[in-house]
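The chain contents come next:
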Amino acid sequence: MAPAAASADRGLRSLVWQKLKSSVFDDCRKEEEWKIILLDDFTTKLLSSCCKMTDLLAEGITVVENVYKNREPVPHMKAIYLITPTKKSVDGLIDDFMNKSSSKYRAAYIYFTDFCPNSLFNKMKASCSKAIRRCKEINISFFPYESQVFTLDVPDAFYRCYSPTVEKSNDKDSVLEAIAERIVTLCATLDENPGVRYKSKPLDNANKLAQLVEKKLENYYKIDERSQVKGKTHSQLLIIDRGFDPVSTILHELTFQAMAYDLLPIENDTYKYKPDGSSGREREAILEDDDELWVKIRHKHIADVLEEIPKLLKEVSSKRKATEGKLSLSSLAQLMKKMPHFRKQITKQVAHLNIAEDCMSKFKSNIEKLCKTEQDLALGTDVDGQKVKDSMRVLLPVLLNKNHESYDKIRAILLYIFSTNGTTQENMDKLIQNVQIESDSDMIKNWEYLGVPIVTTSASQQRRQSRRDRSSEETYQLSRWTPVIKDVMEDAIENKLDSKEWPYYSHCPAAWNGSGAVSARHKPKTSSLDDRRSGSKLIVFVIGGITYSEMRCAYEVSQAYKSCEVIIGSTHVVTPKRLLDDVKALTKPKDTVCLKDE
């Protein structure tokens, strides 16, 4: 768990923790009285994302339990139930108070993450109303993944929104409904009632979701606990379908976070490594906002990271040596105090150096050659700015290289198809046969269900969407591509989005680029993080997954436009491999795809 409470500069994570403190812990606080907290799977993950056990102890929580599991009764203690309003969680609560003579706890303080349906509320009321001291809905149905990133933990939304097998069922409607409800709880936590816009193409999902969100925002702010109708605030919510920028999802990225999650086996944000070589003890490094070094370097290019970490290691070593050099008793006492700090610093630096070196060994063996091809195909121009005349000629060396994995060849083929805005069926068949990827061909073909042109009747003209001119920006040769979402964020802040392409469901008050977001070029540099937090907000939501490079854009744009904070979110976070697996599964029957019970 991460100590969001420890620092104000934790963005969304701090905000969620403060809301939990005021809505749950302060609400049922009694001096010197310890309580037990019962969580379900969702709320366990929610609390883990924004606080530590020490934070819970400070709030008078002595034990954390799972509401689904059998537990020993503690009849002299009161219990807080922080749970989702689902049948499984409510049944767990009811079981604890089924028999009055053998109730597990003295009383129940119930806090639902979201709106509780009447059927569940009445069932609870009929079964254990005498034990209930408090029952509230706190409206937090999202996870603060990073300070400016949120997820809804609905990875199956990708299948439900894009699979042709669910077209005729109401699966898509129900998942869009669930997503809309969760987005509204994010807006409520931010205390924003944003103007809602959506990308009109390539599919209709964004339109449907925008409509649902707008309706639910209206309803939510009609029944605000202060009984006041909250007008639109200085914020915008943009809703986008995943197919709007397929290139950024499969390109090899060379910024630290995106590269590490793409190339290394990082599970649940945990990286395992052996600092003393293959025979040494395995260690774990958790990649989270709580790690200041990680936050400082995660968006930097790998070349800069490899330069920076050794410098930091030297710096810490020299500080320690300087302290060791003074052999007075007071300096020894100081050294003893500082030793854990030095050790912690060095451990983190060594972990990140291991990650960077692991990335580079993969890069040097195969990825470096791929990157040039990928950049040329994605941009349609080479390093010198010359137009790529024959995309197939650029692609062929990758396909003929036996050292490249089939995933990497599939990524290159997709970039070729995206660059030419689709290819002929004949050409597609040849590519699949030559590379011998028949069993994975759906990783390519199924992109059509995301609204991305894959097969065209004849070789179409190379129509590319117009992009912002970034020729003056300094970039590494193998990192020339900029995710489309960065253009969208900047255009939204500067009020340059075309209203035909980006229709409104509702407007926010005043000129968006007037009183709100002002470019850094026109504003004094003294503007602090607090200015940004109190200024305008741009919330960007992508249906079907966001990439680490797109997450990086939210921070970069927030830095450049000081009075506007950009927050980005999605149903879940994707890596190229995971997304390709999800795309492949779109044409599988529903019963063979592992779907969560929503």
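What you see is a predicted model, and the numbers here were worked out from it, not measured in a lab. (Residues numbered from 1 in each chain as written. Predicted model: local features only at pLDDT ≥ 70, side-chain atom pairs only at ≥ 80, totals over all residues. Heavy atoms only, no water.)

## Things to note about the overall build of the protein chain
Across its full length, the protein chain carries 22 helices and 13 strands. The burial tally for the protein chain puts 54% of its 598 residues in the buried class. For the protein chain, long-range pairs separated by at least 24 residues make up 79% of all intrachain contacts whose partners lie at least 6 apart in sequence. Element-wise, carbon and sulfur atoms account for 49% of the exposed surface of the protein chain, whose accessible area totals about 28300 Å². (Helix = DSSP H or I, 4+ residues; strand = E, 2+ residues; numbered from the N terminus. Buried < 20%, exposed > 50% of the residue type's maximum accessible area, 1.4 Å probe, protein only. Contact = heavy atoms within 4.5 Å. Areas by Shrake-Rupley, 256 points an atom, 1.4 Å probe, with all protein chains shown as cover.)

## Quick notes on the pattern of salt bridges
The tally for this structure, following the rule as stated, stands at 43 salt bridges. Here Arg298 and Glu146 are joined by a salt bridge, their closest N and O atoms 3.5 Å apart. You can see Arg298 sitting in the loop between α11 (292-297) and α12 (302-325) and its partner Glu146 sitting in strand β6 (residues 143-146), a full 152 residues away along the chain. For the pair Arg298 and Glu146, a shared accessibility class is recorded, and that class is buried. (Salt bridge = Lys/Arg side-chain N within 4 Å of Asp/Glu carboxyl O.)

## So, the sheet that holds strand β13 (residues 564-570)
Here we have six strands laid out as an open sheet, ordered β6-β7-β13-β12-β9-β8, and mixed in their pairing. Among the strands making up the open sheet, the edge pair consists of β6 and β8 (195-198). Taking each pair of neighbouring strands and ignoring which way they run, the sheet shows an average axis angle of 25°. Strand direction decides the pairing type here: β8 and strand β9 (residues 235-241), joined by four bridges, are parallel. Bridge pairing links Tyr198 to Ile239 in β9. With respect to the sheet, helix α18 (residues 484-493) is in contact with β9, β12 (536-543) and β13, its orientation differing from that of β12 by roughly 145°. (Pairing = 2+ DSSP bridges. Axes fitted to C-alpha atoms, helices over the stretch in contact; angles between N-to-C directions.)

## Focus: the packing of aromatic side chains
What the rule picks out here adds up to 14 aromatic pairs. Both rings, one in Phe418 and one in Trp447, keep their centres 5.4 Å apart while their planes meet at 70°; by these two values the pair is edge-to-face. Taken as a pair, Phe418 in helix α15 (residues 406-419) and Trp447 in the loop between α17 (442-445) and α18 lie far apart in primary sequence, 29 residues in all. Positioned over the ring face of Trp481 is Arg467, at 4.8 Å from the centre of the ring. (Phe/Tyr/Trp six-rings, centres within 6.5 Å; stacked < 30°, edge-to-face > 60°. Lys NZ or Arg CZ within 6 Å of the ring centre and 35° of its normal.)

## Thoughts on a nonpolar patch on the surface
A cluster of nonpolar side chains, Trp34, Met53, Leu57 and Val64, forms an exposed patch at the surface whose accessible area comes to about 340 Å². Note that Val64 resides in strand β2 (residues 61-66). (Patch = residues over 30% accessible without salt bridge, like charges linked within 9 Å, V, L, I, M, F, W, Y side chains within 5 Å.)

## A word on the pairing of β9
For β9, the buried fraction is high: seven of the seven residues fall into the buried class. Residues of β9 alternate between two faces, with Ser235, Leu237, Ile239 and Asp241 on one and Gln236, Leu238 and Ile240 on the opposite face, all of them buried. Here β9 pairs with β12 via seven bridges, running parallel. Within the sheet, the bridge partner assigned to Asp241 lies in β12 and is Ile543.

## Quick look at the side chain of Asp241
With respect to the helices and strands, the residue Asp241 is situated in strand β9. Among buried charged residues, Asp241 stands out as having no salt bridge; its nearest opposite-charge side chain is Lys172, 7.6 Å away. Residues within four places of Asp241 in sequence aside, it is in contact with Tyr162, Pro202, Leu203, Asp204, Asn205, Ala206, Val542 and Ile543. (Lys, Arg positive; Asp, Glu negative; His and termini not counted.)

## Observations concerning empty space enclosed by the protein
Inspection of the entire model under this criterion finds one cavity of 30 Å³ or more. If you go around the largest cavity, you meet 13 residues; those closest to its centre are Glu253, Ala258, Thr547, Tyr548 and Pro576. Those elements that provide at least two residues to the lining of the largest cavity are α9 (247-250), α10 (256-263) and α21 (548-560). Counting residues per element, the lining of the largest cavity draws most heavily on α10, which supplies three residues. Class assignment for the residues of the lining of the largest cavity results in six nonpolar, five polar and two charged. (1 Å grid on protein atoms, 1.4 Å probe; cavity = no way out; pocket = protein on both sides within 12 Å on 5 of 7 lines; lining within 4 Å. Points joined across faces, edges and corners; volume = space filled by probe spheres on them. Nonpolar A, V, L, I, M, F, W, Y, C, P; charged D, E, K, R; others polar.)

## Concerning the sheet that holds strand β4 (residues 107-112)
If you walk across this open sheet you meet the five strands as β2-β1-β3-β4-β5, and the pairing is parallel. Whereas interior strands pair on both sides, the edge strands pair on one side only; in this sheet they are β2 and β5 (132-137). For this sheet, the mean angle separating the axes of adjacent strands, direction not counted, is 20°. Relative to β2, strand β1 (residues 35-39) runs parallel, the two being bridged by five bridges.

## Brief notes about the confidence of the model for the protein chain
When pLDDT is averaged along the protein chain, the result is 84; 84% of the residues meet or exceed 70. Overall, residues 1-8 carries pLDDT values under 50, and its contacts beyond four positions in sequence, including any with other chains, amount to 29 contacts. Note that pLDDT drops below 50 for residues 513-528; the model gives that stretch 26 contacts with residues more than four away or on any other chain. (pLDDT = per-residue confidence, 0-100.)

## Let's talk about the side chain of Lys486
Among the structural elements, Lys486 can be located in helix α18. The contacts of Lys486, once residues within four sequence positions are left out, are Arg470, Cys553, Glu556 and Val557.

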